[in-house]
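Here is how the chains run, residue by residue.
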Amino acid sequence: MERALLAYDIASIQRYVFATNHLREIRGGSALLDRVNRQLIPAAIIGADPSASEVFGGGGAGLFEIHDAHAIAAEAAIRDTVQKYTASAVVHTAVAPYRPGTPNFPEQFQRLHARLRLSKAANPELAGDVTHSLLQTCDTCGDGYAQHPHPDHSDENVCGACLLKLQHNREMRRVIAQSGGKDQKHWPELWRRIASHLGAGVTLDLSSLPEDVDAICPSGEDLAVVYADGDGMGDLLDGCSSLAEVAQRSKGIEQALINAVGVAIQPMLAGSKGNQLPFQVMLLGGDDLIVAVRAAEAFPFTMMLVQAFAEQVRALIGLPLSLSAGLAIAHPHYPMRQLTDLARSEE
């Protein structure tokens, strides 16, 4: 039985998540992408190849070991799943031969990465849809065609991608509300993992998630966006000597970041007043993190995050890795997309 490695990468996930400046669509898009990445794509791959086994999945990317005879079907299943559940995200895939137990794993792994880079180069993203004076664009993102009534505003129309984000955010909020906000069984997986690393006596109530940016900064105080990214992660994975080591390191890095977020938000949870949380995790996957937080809390949060990540990653995978972070501070009505770009440029 011939084995192969299958890699996929959802391109420009930040562009997809931050296609609008509205927190509802951002949160819905982030949660939807996380579900596609962690649940729907793995299910689709296993449906195409029951012998497939997941190495890791997160941050819009994933790696599977599969039977090479099912490679074409698995790649098609990934593309169909991403299109069906996001309507606009673009995914790239690559397959390379895999010989388990041979000593040249780094060479096999690098070949897979090279093919994935070629796939991205051969299938560039579209800059946008064709425009015409008789074609209405989405009232939310301004990119896609307005095809559906806005579920919350009867005088607006949205594209298919924004509709899916809004619907996912609404369903997530409905399930959380029905559970009282504190029953973790009904939480999205990411929030369950964050909550599992909160200290004793610190509680998280997801019914208090802010509905919009104004809820994060109710008194009109400045808003900060924190962008964090692991240092040297590509070299770290390229240096692996086996598929098991790739899985251990990639999963350990993401878990270290999730644990670090749990540590860093504890002071805000303990000191939070009112009925809205003073922060929103807008994107967390792999070694990438984007958080909106009140400006007064941004520096303490970031310093604690960076320190906790170094401690957690050393404990989980035994390596001295670091996290770089950038901050951008502005009025809460400043466009979220641009504020995120500014934070990324400072990282």
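So, how was this worked out
- Residues numbered from 1 in each chain as written.
- Predicted model: local features only at pLDDT ≥ 70, side-chain atom pairs only at ≥ 80, totals over all residues.
- Heavy atoms only, no water.
- Salt bridge = Lys/Arg side-chain N within 4 Å of Asp/Glu carboxyl O.
- Helix = DSSP H or I, 4+ residues; strand = E, 2+ residues; numbered from the N terminus.
- Buried < 20%, exposed > 50% of the residue type's maximum accessible area, 1.4 Å probe, protein only.
- Disulfide = S-S within 2.5 Å.
- Axes fitted to C-alpha atoms, helices over the stretch in contact; angles between N-to-C directions.
- Parallel < 35°, antiparallel > 145°, perpendicular 65-115°, else oblique.
- Contact = heavy atoms within 4.5 Å.
- Nonpolar A, V, L, I, M, F, W, Y, C, P; charged D, E, K, R; others polar.
- Pairing = 2+ DSSP bridges.
- Polar contact = N/O pair within 3.5 Å; in protein donor to acceptor, adjacent residues only side chain to side chain.
- Phe/Tyr/Trp six-rings, centres within 6.5 Å; stacked < 30°, edge-to-face > 60°.
- Lys NZ or Arg CZ within 6 Å of the ring centre and 35° of its normal.
- Lys, Arg positive; Asp, Glu negative; His and termini not counted.
- Left-handed = near helix turned anticlockwise from the far one by under 90°.

Oppositely charged side chains can form a pair if their charged atoms are brought close together. Summed over the entire model, instances satisfying the criterion amount to 14 salt bridges. Here Arg 38 ties to Asp 34 by a salt bridge, and the two come within 2.6 Å at their closest N and O atoms. Here Arg 38 pairs with Asp 34, and both are found in helix α2 (residues 23-48), just four residues apart, close to one helical turn. Summarising the burial analysis for this pair, Arg 38 and Asp 34 share the class buried. The partner of Glu 254 in a salt bridge is Arg 193, and the shortest N-O contact between them spans 3.4 Å. With Glu 254 in helix α9 (residues 243-264) and Arg 193 in helix α6 (residues 189-195), the pair connects residues that are 61 residues apart, well separated along the chain. You can call Glu 254 buried: its relative accessible area is 6%. Each of Asp 34, Arg 38, Arg 193 and Glu 254 takes part in a single network of salt bridges with overlapping partners.

Turning our attention to the state of the cysteines. Across all of its chains, the model carries zero disulfides by this definition. With no disulfide of its own, Cys 162 lies closest to Cys 159 among cysteine sulfurs, the gap being 3.7 Å. For Cys 162, a relative accessible area of 1% puts it in the buried group.

With that settled, consider the packing of α2 against helix α5 (residues 160-178). In contact at an axis separation of 7 Å, α2 and α5 are set at 85° when each is read in the N-to-C sense. Between α2 and α5, the angle falls in the class roughly perpendicular. Seen from α2, the contacting residues are Arg 24, Glu 25, Arg 27, Gly 28, Gly 29, Ala 31, Leu 32 and Arg 35; seen from α5, they are Leu 164, Lys 165, Leu 166, His 168, Asn 169, Met 172 and Arg 173. Residue composition of the contact of α2 with α5, grouped by class: five nonpolar, four polar and six charged.

Next up on the list: the sheet that holds strand β1 (residues 3-11). Taken in spatial order, the four strands make up an open sheet running β2-β3-β1-β4, and their pairing is antiparallel. Of all strands in the sheet, those with a lone pairing partner are β2 (53-58) and β4 (90-98), marking the two edges. In this sheet, adjacent strand axes meet at a mean angle of 15° when their direction is disregarded. Pairing geometry for β2 and strand β3 (residues 61-67), over five bridges, is antiparallel.

It is worth spelling out the environment of Asp 68 at this point. Position of Asp 68 relative to the elements: it lies in the loop between β3 and α3 (71-86). Overall, the relative accessible area of 35% leaves Asp 68 in the partly exposed class. Sequence separation between Asp 68 and Ala 52 is 16 residues; the distance between their C-alpha atoms is 10.0 Å. Setting aside chain neighbours within four positions, we find Asp 68 in contact with Glu 2, Arg 3 and Ala 4. Reaching out from Asp 68, the side chain makes a polar contact with the side chain of His 67 at a distance of 3.3 Å.

Right, let's get into the sheet that holds strand β10 (residues 323-330). Ordered in space as β8-β9-β7-β10, the four strands form an open sheet in which the pairing is antiparallel. Either end of the sheet is taken by a strand with one partner, and the two such strands are β8 (279-285) and β10. For this sheet, the mean angle separating the axes of adjacent strands, direction not counted, is 15°. Examined bridge by bridge, strand β7 (residues 223-230) and strand β9 (residues 288-294) share seven bridges and lie antiparallel to one another. In the sheet register, Ala 224 faces β9, and the bridge partner there is Val 293. Helix-sheet contacts for α9 involve β8, β9 and β10, and the interaxial angle to β8 is about 175°.

A few words now on the packing of aromatic side chains. Under the defined criterion, the tally for this structure stands at two aromatic pairs. A centroid spacing of 6.3 Å and a plane angle of 80° characterise the contact between Tyr 98 and Phe 105, whose relative ring orientation is edge-to-face. With relative accessibility at 9%, the residue Tyr 98 sits in the buried group. Judged by centre distance (5.5 Å) and plane angle (15°), the rings of Phe 105 and Phe 109 are stacked. Of this pair, Phe 105 and Phe 109 are both found in helix α4 (residues 105-122), four residues apart, which corresponds to roughly one turn of the helix. Side by side, Phe 105 and Phe 109 carry an identical accessibility label, which is buried. Among the aromatic side chains, those forming a connected cluster through ring pairs are Tyr 98, Phe 105 and Phe 109. Sitting over the ring of Tyr 16, Lys 165 keeps its end group 4.2 Å from the ring centre.

A few words now on the side chain of Glu 25. Considering the arrangement of structural elements, one finds Glu 25 in helix α2. Of the side chains bearing the opposite charge, Arg 24 lies closest to the buried Glu 25, which forms no salt bridge; the N-O distance is 4.4 Å.

Viewed as axis vectors pointing N to C, α2 and α3 meet at an angle of 145°, and their least axial separation amounts to 9 Å. For the element pair α2 and α3, the recorded crossing hand is right-handed. Residues Leu 32, Leu 33, Arg 35, Val 36, Leu 40, Ile 41, Ala 44, Ile 45 and Ala 48 of α2 lie in contact with α3, whose contacting residues are Ala 73, Ala 74, Ala 77, Ile 78, Thr 81, Val 82, Tyr 85 and Thr 86. Tallied by class, the residues present in the contact of α2 with α3 amount to 14 nonpolar, two polar and one charged.

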